[in-house]
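If you want the building blocks of each chain, they are given just below.
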Amino acid sequence: MGLELDFSVVLERWRALLDGAALTLQLAFIAVICGAAIGVFGAIGRRGGNALVERLCGAYVEAIRNTPLLVQIFLVYFGLSSLGLKFSAFTVAAVALTINVGAYTTEIMRAGFDSIHKGQIEAAEGLGLSRAQIYWHVIIWPGIERVYPALTSQFVLLMLASSVTSQISAEELTAVANYIQSETYRSFETYIVVAFIYIALSFVMRFGFWLLGLALFPRRRRLGTPL
Amino acid sequence: MGGDLNINHLLFLAHGALWTVGLSAIALVGGGTFGFLVALGRVSSSRAVRLLAASYVQLIQGTPLLVIMFLSFFGLAAIGFNISPLLAAGASMTIFVAAYLGEIWRGCIEAVPKQQWEAAEGLALSRGQRMIKVILPQAIRIATPPTVGFMVQIIKNTSLASVVGFVELTRSGQIINNSLFEPFIIYSIIAVVYFSLCYPLSRLSRRLERTALQKKPALA
């Protein structure tokens with residue numbers, strides 16, 4: 001049998017692909033914002049001195065990091081519906097991805113916060129800064145600055161992992177691909193095109209995070225050296 | 001609907017868990033072998049080889065594993081290559097793992113102090129000898145903790161093989177769920193099984209990391 005590839009039937013559905021890609025980015029955006037917030041609080045909780053909170057945050061991180069995202073998504077999906085709550089697939093996907101990335105962010109940010117030298121905190125105390133001020137100015141921002149590269153690659157991985165939410169029929173890029181290939185019987189071409197869209201999306205995200213890094217951490221730009 | 005959860009269901013899950021472990025082993029061996037070549041390619045003296053290895057890593061790390069799975073199962077079938085779910089899952093995992101392990105190991109090779117290269121060169125060892133006798137033995141020691149840590153990722157990612165109909169742990173859970181319709185209980189059991197597979201590895205990885213850090217002054 002001769003091998004004939006026909007990309008045109010896939011490419012002429014570019015609108016659907018674009019919508020899917022937009023939804024993928026939207027999911028990633030929501031999960032990154034909410035996950036970063038969870039990460040800051042989780043990391044503070046893991047080093048905050050209260051044994052119970054430390055345990056709870058530790059258990060959350062270990063539970064998420066040692067189970068597959070697919071199973072987490074199913075648990076959230078069926079868990080919410082067995083509680084009698086009905087949400088759209090998109091909402092469930094966003095919630096599951098947020099819970100997932102929150103755990104990884106917690107762990108990365110904890111590493112960043114732990115890397116702050118004790119002398120810095122003592123100096124801040126000596127200057128009479130309040131506990132909240134010390135956290136904000138001395139621990140959180142410089143800590144995030146140090147782990148920013150690790151954070152951004154985790155966020156790009158999250159965007160790629162959001163493809164798994166197609167399994168609960170959230171209409172993101174992979175779900176669109178599944179739909180197109182079932183309509184055109186051109187599954188090879190479809191998934192090739194979609195793979196390249198994902199590669200493009202991850203480049204876009206990396207570039208975006210690079211710009212954001214320049215804006216958030218001007219000190220790095222001025223010094224031109226990593227901390 | 002289909003009755004209660006009984007011992008046969010649990011046996012079926014256990015069977016699925018065995019395949020999860022089996023597929024992880026395939027991915028580790030295949031991806032490890034291929035990944036080793038990728039790592040060597042990344043530090044090769046030839047510019048073309050370096051570029052080739054780097055673009056492989058970029059391509060695979062920019063694509064979700066799920067899409068690679070679909071591509072190798074449905075995609076290859078559509079252009080006339082019918083392959084079994086095991087082959088599709090094994091090949092996808094190998095391709096995926098090779099890119100990540102290759103990149104991890106490249107870091108480990110480059111983490112060997114530069115003086116070691118220079119000393120080996122000073123002893124007139126050839127490039128191959130330098131790599132095999134001097135650099136790799138030290139790089140392996142550095143590479144052990146992150147590699148064990150990555151095995152957790154491998155085990156978790158085998159769950160995606162369920163989408164091509166490979167009956168591993170997640171898929172066997174879905175099959176049972178189709179007859180019992182107790183999704184929350186079944187997926188909780190599955191999550192616990194995954195956790196008990198992965199958590200010891202996470203702990204081991206962290207312990208190895210700590211001992212490696214303690215040994216560091218002796219190494220340098």
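Quick caveat: nothing in here was measured; it's all calculated off a predicted structure.

What counts and what doesn't
- Residues numbered from 1 in each chain as written.
- Chains lettered and ligands numbered in written order.
- Predicted model: local features only at pLDDT ≥ 70, side-chain atom pairs only at ≥ 80, totals over all residues.
- Heavy atoms only, no water.
- UniProt positions renumbered as here; feature names shortened; annotations may be inferred.
- Helix = DSSP H or I, 4+ residues; strand = E, 2+ residues; numbered from the N terminus.
- Contact = heavy atoms within 4.5 Å.
- Buried area = accessible area lost by both parts, 1.4 Å probe.
- Salt bridge = Lys/Arg side-chain N within 4 Å of Asp/Glu carboxyl O.
- Polar contact = N/O pair within 3.5 Å; in protein donor to acceptor, adjacent residues only side chain to side chain.
- Nonpolar A, V, L, I, M, F, W, Y, C, P; charged D, E, K, R; others polar.
- Buried < 20%, exposed > 50% of the residue type's maximum accessible area, 1.4 Å probe, protein only.
- Phe/Tyr/Trp six-rings, centres within 6.5 Å; stacked < 30°, edge-to-face > 60°.
- Core = buried A, V, L, I, M, F, W, Y, C linked by side-chain atoms within 4.5 Å.
- pLDDT = per-residue confidence, 0-100.
- Disulfide = S-S within 2.5 Å.

Focus: the UniProt feature "domain: ABC transmembrane type-1" (unreviewed entry) in chain A
Inference 1: Within this numbering scheme, the UniProt entry marks residues 21-209 of chain A as carrying the feature "domain: ABC transmembrane type-1" (unreviewed entry).
Inference 2: End-to-end, the C-alpha atoms of residues 21-209 of chain A are 18 Å apart, and along that stretch the chain is 83% helix and 0% strand.

A few points about the interface of chain B and chain A
Inference 1: Residue-level contacts link 38 residues of chain B with 39 residues of chain A.
Inference 2: Carbon and sulfur atoms make up 73% of the surface buried where chain B meets chain A, a total of about 3,200 Å² over both sides.
Inference 3: Counting the contacts that link chain B with chain A gives 1 salt bridge.
Inference 4: Arg206 of chain B is paired through a salt bridge with Glu62 of chain A; the nearest N and O atoms lie 3.1 Å apart.
Inference 5: Applying the counting rule to chain B against chain A returns 6 residue pairs in polar contact (both at pLDDT 80 or more).
Inference 6: With 12 residues, helix 8 (residues 183-219) of chain B is the single largest residue contributor to the side of chain B that touches chain A.
Inference 7: When its residues are assigned to classes, the side of chain B that touches chain A shows 23 nonpolar, 13 polar and 2 charged.

Topic: the side chain of Ser162 of chain B
Inference 1: Of note, Ser162 of chain B is situated in the loop between helix 6 (127-157) and helix 7 (169-180).
Inference 2: Of the residues examined, Ser162 of chain B reaches a relative accessible area of 4% and is grouped as buried.
Inference 3: Ignoring anything within four residues of it in the chain, the contact list for Ser162 of chain B reads Leu70 of chain A together with Glu168, Thr170, Arg171 and Gln174 of chain B.

Observations concerning the packing of aromatic side chains
Inference 1: Counted by the stated rule, this structure contains 17 aromatic pairs over all chains.
Inference 2: Note on Tyr191 of chain A and Phe70 of chain B: the rings are 5.1 Å apart at their centroids and 15° apart in plane angle, and the pair reads as stacked. Residue Tyr191 of chain A is found in helix 9 (residues 187-216), and its partner Phe70 of chain B is found in helix 3 (residues 65-78); the two belong to separate chains.
Inference 3: The class for Tyr191 of chain A is buried, based on a relative accessible area of 0%.

Observations concerning the nonpolar core
Inference 1: With 121 residues, the main nonpolar core has Leu17 of chain A together with Met69 and Ile109 of chain B as its most contacted residues.
Inference 2: When neighbours within four sequence positions are excluded, Ile109 of chain B is seen to be in contact with Ala39, Leu40, Val43, Trp117, Met131, Ile135, Leu136 and Ala139 of chain B.

Structural notes on the UniProt feature "transmembrane region" (unreviewed entry) in chain B
All names here are of chain B.
Inference 1: Here, the residues flagged by UniProt with the feature "transmembrane region" (unreviewed entry) are residues 12-39, 51-77, 83-101 and 184-202.
Inference 2: Measuring from the first to the last C-alpha atom of residues 12-39 gives 39 Å, for a span that is 100% helix and 0% strand.
Inference 3: For residues 51-77, the helix share is 89%, the strand share is 0%, and the end-to-end C-alpha distance is 31 Å.

Brief notes about the pattern of salt bridges
Inference 1: Under the criterion given, the structure shown has 11 salt bridges over all chains.
Inference 2: Note that Glu183 of chain A is salt-bridged to Arg13 of chain A, the shortest N-O span being 3.0 Å. Placement of Glu183 of chain A in helix 8 (residues 173-184) and of Arg13 of chain A in the loop between helix 1 (8-11) and helix 2 (14-47) is noted, with a sequence separation of 170 residues between them.
Inference 3: For Arg106 of chain B, the salt bridge is made with Glu103 of chain B, and the minimal N-O distance between the two is 3.0 Å. You can see Arg106 of chain B and its partner Glu103 of chain B sitting in helix 4 (residues 85-111), 3 residues apart, about one turn around the helix.
Inference 4: In the salt-bridge network here, residues are joined through shared partners; they are Arg42, Glu103, Arg106 and Glu110 of chain B.

A short note on the confidence of the model for chain B
Inference 1: On average, chain B scores 92 in pLDDT, and the residues at 70 or more come to 96%.
Inference 2: Mean pLDDT per element in chain B: helix 8 of chain B is the minimum at 88, and helix 2 (residues 47-61) of chain B is the maximum at 96.

Quick word on the state of the cysteines
Inference 1: Counted under the stated rule, the structure contains 0 disulfides over all chains.
Inference 2: Take Cys34 of chain A: it sits in no disulfide, and the sulfur closest to it among the cysteines is that of Cys57 of chain A, at 17 Å.

What to know about the UniProt feature "domain: ABC transmembrane type-1" (unreviewed entry) in chain B
Inference 1: Here the UniProt feature "domain: ABC transmembrane type-1" (unreviewed entry) sits at residues 17-205 of chain B.
Inference 2: Split by type, residues 17-205 of chain B is 83% helix and 0% strand. Its first and last C-alpha atoms lie 22 Å apart.

Observations regarding the UniProt feature "transmembrane region" (unreviewed entry) in chain A
Residue and element names in this part refer to chain A.
Inference 1: Within this numbering scheme, the UniProt entry marks residues 20-45, 74-99 and 191-217 as carrying the feature "transmembrane region" (unreviewed entry).
Inference 2: The straight-line gap between the two end C-alpha atoms of residues 20-45 is 36 Å; of that span, 100% is helix and 0% is strand.
Inference 3: Between the C-alpha atoms that bound residues 191-217 the distance is 38 Å, and the span itself is 96% helix and 0% strand.

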